[in-house]
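# Descriptive analysis of the structure
Here is what each chain is made of, one letter per residue.
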Amino acid sequence: ALILGFTAENSLPLSVTSGIIKLAQELAKDPKALAELSMDRTSASYKLTHGVKKTILDEVLEEIRSVPFSLNVDEATSKTNKRVLGVLVSYWSEKHERMVVQHLAALELISVTAESLFSALDGLFERMNLPWDNLVSILMDSCAVMRGSKNGLEKKIRDRRAPHLLDIDGDSCHHLHNASKKLCCPFEHWVESLLSDLHTDHKWSADMKDGLREICSIFGIRFSQPECYIPHRWLSVLDVSLETLRMWDALVMFYYAFLSNEDKCTYKDIVSVILQKREVQETGRARIKELWKELGNRSKNFTNEGKMRKVRICKKSKDPKVHKLHDEQEKLVREFLSCFIKPEELINSKGRNLSGPKMKLLDLTSTEAHLAAPFVGSEASSLLDQLGREHPVVKAFKTKVIQAYTSCAGDLQTKLPLDSPTLRTLSCLDPDARGSHHILPHLQKLPNMFPAVKLNELERAGFQHEIHRYASDMTLPQMTEEARVDLWWNIVRKTQRYPALCKLALSALCPFHGPQVESAFSVMSNILQAKAANLSVETYESYQVVKYNLKAMQVSAIQHYSRKTKESPVNVQLCRNVKLSSQRYRALLRDKEELNKRPYNSEKPTAGKKMAKDAIVAAAVSARRKFQKKRVEALKKLATKAKESYKN
């Protein structure tokens, strides 16, 4: 009762009750220390930031100052409307003997330009005493601010700090997401608009929601409110579509009530098939007919927008590492092209699959290269066969299919780095590539690609012998799929057969692909509360540093910080940092007070600095006003819809 009462009082999710019990059991092992423990919100904040986070970051920085590492950076707006640059670091950890991803920093920005982002990262490297020479690559999205060829962030870093930066292109997920949009354009976004209408239809009307819930209950389908897809999220449409298909029978039965009498006759057989498939008894069928009548009566009071929405609905009835990236992209494009391109166009004169550079040169608009019947799925094919190939609807649909395929494939040809020499070279490190003499010229380029890796004279002298041996070596231990995922060169490394190649391979491991920073910001909404809605970026950063560190160690907080007995060893540095956290926090407050007491123009800035500062402030104020204006307009629209729904 005590635990459940505490959970309800603080509005905690029931999923944390087991964790609370384990935590209480762990704390009870040292009752003397527990009796003296006290912590309010402020002390919890500075102990987390200047105690636990500082200890973790010191250990991470000590590691990455001496090894090659890669960064993953992305900018996003937090729930509190702050612009935050998230920075993750990926590197080979000798401590854990595997690649780990740690949260390095969360930097608050006033404006988001290539210059401001560069200044923020440059300041971070200087503050943390990180050598630019150890930076292997930076993963970011492909917007102009990040990867612009003239003034982008990556260009500035390459020109000013790290000319050796590895070019691994932008985030592959962003490329594929944009290509998938091209595939949907010829079909006028039928699926996306249907999902939006379903979400809107049931979000504002409790009666509609109750009717759909009752039909789901009769059919034995778990009810869930139709979700809204997020346009800028990778595969969001697919996730929402799968959830919609799960409830499809119930949705068809629900919207049958809003059809015209003529359409009801057309779709009567489909409804009968659904009722038979779901084994609905007479009582259930009678109740569904009553619901149809009730919903039909309610439709008379719908707004014009609500009526039009019903009409539209009724009409539509593990992370890949960089050494795998090139092969996976080639495979993806080849499989996609095979949906509408003849097989003979996808092989060369020797009967082998076309390479990435060759696929980029294919003429996708040539009708001679197109299949007579492009892939549309078995159900769509059967419907088209019923109408006949010469039917005007079939011809129009086929035209849109070819248009969608060529548009999407053209985007993949343009955006994906299928001819990237860097990725093609790194793909030779895949264990599946060994035994082929074709990989030797690529492997010879590795030392020049990773200047951050220092090979001694003995390793450099034996490198050529190593790559020849590796290219022809078929005696390496056979590895399971799990071993490959757990980094195959860890096994190679333990054999001590390829010391120089292993050093370079570990550097190639650093680049990673995936929208990891974007997903990291979603945790902020779980931390925010009504009484503390303005979470500081520094506190948010502390949460992320601890979470990523526990994930890297593959342990829970209780497993990592618990002591089996009172005599168990403790982390001395952690104890010292937690004790000094209050002192460091107060020192920061004093510094802020002194800074606020200083006159704003105590030091006269130069004309150039003043203009730059004024421009940044003006841009920030303008962006803030635009955002507030859009927000007010959106709130007014929602309020209007809510009032209309309430009246109905």
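Residues numbered from 1 in each chain as written. Predicted model: local features only at pLDDT ≥ 70, side-chain atom pairs only at ≥ 80, totals over all residues. Heavy atoms only, no water.

If you look the chain up in an unreviewed UniProt entry, it shows as HAT C-terminal dimerisation domain-containing protein from Cirrhinus mrigala.

### Here's the deal with the packing of aromatic side chains
Just so we agree on the cut-off: Classification of ring pairs uses Phe, Tyr and Trp, with its six-membered ring standing for Trp, and accepts pairs whose centres are within 6.5 Å; under 30 degrees between planes counts as stacked, over 60 as edge-to-face, and the remaining range as tilted. Summary of the burial criterion: residues with accessible area below 20% of their type's maximum are buried, those above 50% are exposed, and those between are partly exposed, where the area comes from a 1.4 Å probe applied to protein chains only. Throughout this description, the term charge over a ring refers to an Arg CZ or Lys NZ atom that lies within 6 Å of the ring centre and within 35 degrees of the ring normal.
Taken as a whole and assessed by the stated rule, the structure comprises 12 aromatic pairs. Summarising the aromatic geometry, the rings of Phe336 and Phe340 are spaced 6.4 Å apart at their centres and angled 70 degrees between planes, so their arrangement reads as edge-to-face. Both residues of the pair, Phe336 and Phe340, belong to the buried class. Among the residues examined, Phe336 registers a relative accessible area of 16% and is labelled buried. Here the aromatic cluster, defined as three or more aromatic residues joined through ring pairs, consists of Phe69, Phe125 and Trp132. A cation over an aromatic ring shows up here: Arg160 above the ring of Phe118, its NZ or CZ 4.8 Å from the ring centre.

### Considering the environment of Gln559
Cut-off, in case you're wondering: Helix numbers and strand numbers start at the N terminus; a helix is a DSSP run of H or I with at least 4 residues, a strand a run of E with at least 2. Under this definition, polar contacts are N or O atom pairs within 3.5 Å; protein pairs additionally need one hydrogen-donor-capable and one acceptor-capable atom, and for neighbouring residues in sequence, both atoms have to be side-chain atoms.
Within the element layout of this structure, Gln559 appears in helix H31 (residues 557–561). Exposure remark for Gln559: the relative accessible area of 56% places this residue in the exposed category. Within the local environment of Gln559, its side chain forms a polar contact with the backbone nitrogen of Ser556, the two atoms lying 2.9 Å apart.

### With respect to the sheet that holds strand E2 (residues 83–93)
Threshold: When DSSP finds at least two bridges between two strands, those strands are taken to pair. Inter-axis angles, ranging from 0 to 180 degrees, are taken between N-to-C directions of lines fitted to C-alpha atoms, where helices are fitted over the stretch in contact.
Across the sheet, four strands lie side by side as E3-E2-E1-E4; this open sheet has mixed pairing. Looking at strand neighbours, the two that pair on one side only are strand E3 (98–109) and strand E4 (135–139), the edges of this open sheet. The average undirected angle you get between the axes of adjacent strands in this sheet is 20 degrees. With 11 bridges joining them, E2 and E3 adopt antiparallel strand pairing. Residue pairing for E3: Arg83 is matched across the bridge by Leu109.

### Brief notes about the confidence of the model for the chain
Operational definition: Note on scores: pLDDT gives the predictor's confidence for each residue, bounded by 0 and 100. Residues are treated as being in contact if the distance between any of their heavy atoms lies within 4.5 Å.
Residue-level pLDDT values for the chain average 82, and 85% of them are 70 or greater. Taken as a whole, residues 481–487 scores under 50 in pLDDT and shows 10 contacts with residues more than four places along the chain or in a different chain. Every residue in residues 527–533 is under pLDDT 50, and counting partners more than four places away or in other chains gives eight contacts.

### Some points on the pairing of E3
In regular strands, side chains alternate between the two faces of the sheet. For E3, the buried fraction is high: 10 of the 12 residues fall into the buried class. Where E2 hands over to E3, the hairpin turn is made up of four residues, of which Glu97 adopts a positive phi near 55 degrees.

### Points about the nonpolar core
Basically, it comes down to this: Buried Ala, Val, Leu, Ile, Met, Phe, Trp, Tyr and Cys residues that are joined via side-chain atoms within 4.5 Å together make up what is termed a nonpolar core.
In this structure, Ile64, Leu71, Leu85, Leu104 and Ile157 are the most contacted members of the largest nonpolar core, which totals 42 residues. The contacts of Leu104, once residues within four sequence positions are left out, are Leu57, Leu61, Ile64, Leu71, Val87, Leu88, Val89, Leu124, Met128, Leu130 and Glu541. Judged by nonpolar contacts, the second largest core, of 28 residues, contains Val322, Leu423, Ile439 and Tyr498.

### Quick notes on the packing of helix H1 (residues 2–9) against helix H2 (residues 17–27)
Using the following cut-off: Relative orientations are named as follows: roughly parallel for angles under 35 degrees, roughly antiparallel for angles over 145 degrees, roughly perpendicular for angles from 65 to 115 degrees, and oblique for any other angle. Crossings are assigned a handedness: left-handed for a near helix turned anticlockwise from the far helix by less than a right angle, right-handed for a clockwise turn. Any residue that is not Ala, Val, Leu, Ile, Met, Phe, Trp, Tyr, Cys, Pro, Asp, Glu, Lys or Arg is counted as polar, Gly included; the first ten are nonpolar and the last four charged.
Across the interface, H1 lies against H2 with an axial gap of 11 Å and an inter-helix angle of 125 degrees. In terms of orientation, H1 and H2 fall into the oblique class. For the pair H1 and H2, the sense of crossing is right-handed. For the pair H1 and H2, the contacting residues are Ile3, Leu4 and Thr7 in the first and Thr17, Ile20 and Ile21 in the second. Of the residues assigned to the contact of H1 with H2, the class counts are four nonpolar, two polar and no charged.

### A word on helix H32 (residues 572–597)
The criterion, for reference: Any helix carries an expected span of 1.5 Å times its number of residues minus one.
End to end, H32 covers 38 Å across 26 residues, agreeing with the expected 38 Å (1.5 Å per residue, within 8%). Listed in full, the buried residues belonging to H32 are Leu574, Asn577, Ser581 and Ser582. In this structure, the buried side of H32 is in contact with helix H4 (41–64) and H31. If you check the start of H32, you find a side-chain oxygen 3.2 Å away from the backbone N of Gln573, and it comes from Asn571.

### As for the pattern of salt bridges
The criterion, for reference: Here, a salt bridge means any side-chain nitrogen of Lys or Arg that lies within 4 Å of a carboxyl oxygen of Asp or Glu.
Evaluation of the coordinates by the stated rule reveals 25 salt bridges. In this structure, Glu154 and Arg158 form a salt bridge, with 3.0 Å as the shortest nitrogen-oxygen distance. With Glu154 and Arg158 both in helix H7 (residues 153–160) and four residues apart, the pair spans about one turn of that helix. Between Glu330 and Arg334 there is a salt bridge; the shortest N-O distance is 3.8 Å. With a gap of four residues between them, Glu330 and Arg334 both fall in helix H17 (residues 322–337), about one helical turn apart.

### Observations regarding helix H15 (residues 282–298)
Note that an α-helix has 3.6 residues per turn; residues three or four places apart therefore point the same way. Stated formally: Arc definition: directions from the helix axis to the C-beta atoms.
End to end, H15 covers 25 Å across 17 residues, agreeing with the expected 24 Å (1.5 Å per residue, within 8%). Residues Gly284, Ile288, Leu291, Trp292 and Leu295 constitute the buried set of H15. Buried residues along H15 cover an arc of 105 degrees about the axis, so they all sit on one side. In H15, the exposed positions that point more than 90 degrees away from the buried face belong to Glu282, Thr283, Lys289 and Lys293. Taken together, the buried residues of H15 touch helix H10 (206–219), helix H12 (248–255) and helix H14 (268–277).

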